[in-house]
Amino acid sequence: GMSLDHFSNQYHVPIHAMKIDVDGLELEVLRGAETLLRNPDFQSLQVEINPGSEQEVLDFLKDCNLELIDVYENRNHLYQRAKQVESLADCKESN
């Protein structure tokens, strides 16, 4: 498959918001969108996080300067760009 970063670059598609429901593959999809998530123009993300990977996903998104603003139906998490960005370079690379 093609990562979201690769798709966005190859087809010159700017992505500023995403909704993800991938049944347990959240972290893999988010890692494939790391460049998009780090971009200051990216503003919001809704992701359904399945049990078992929640803390890892939450840590990854926090490191990418996205802040959790709401959780509903126990698994749906809504994020937005954190208001104060100290350095986008601080977003951890995930390999």
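Residues numbered from 1 in each chain as written. Predicted model: local features only at pLDDT ≥ 70, side-chain atom pairs only at ≥ 80, totals over all residues. Heavy atoms only, no water.

A. Here's a closer look at the side chain of Q46. For Q46, the position within the fold is in strand β2 (residues 44-48). Side-chain polar atoms of Q46 contact the side chain of Y72, separated by 2.3 Å. Excluding anything up to four places from it in sequence, Q46 contacts M18, K19, I20, Y72, N76, H77 and L78. (Helix = DSSP H or I, 4+ residues; strand = E, 2+ residues; numbered from the N terminus. Polar contact = N/O pair within 3.5 Å; in protein donor to acceptor, adjacent residues only side chain to side chain. Contact = heavy atoms within 4.5 Å.)

B. Quick look at the sheet that holds strand β1 (residues 17-20). Taken in spatial order, the four strands line up as β1-β2-β4-β3 in an open sheet, and their pairing is mixed. Where the open sheet ends on each side, the last strands, each with one partner, are β1 and β3 (66-72). When the angles between neighbouring strand axes are averaged without regard to direction, this sheet yields 15°. For β2 and strand β4 (residues 76-81), the ladder comprises five bridges, and the chain directions are antiparallel. If you follow L45 over to β4, its bridge partner there is Y79. Lying on the sheet, helix α4 (residues 54-63) is in contact with β2, β3 and β4; it crosses β4 at an angle near 10°. (Pairing = 2+ DSSP bridges. Axes fitted to C-alpha atoms, helices over the stretch in contact; angles between N-to-C directions.)

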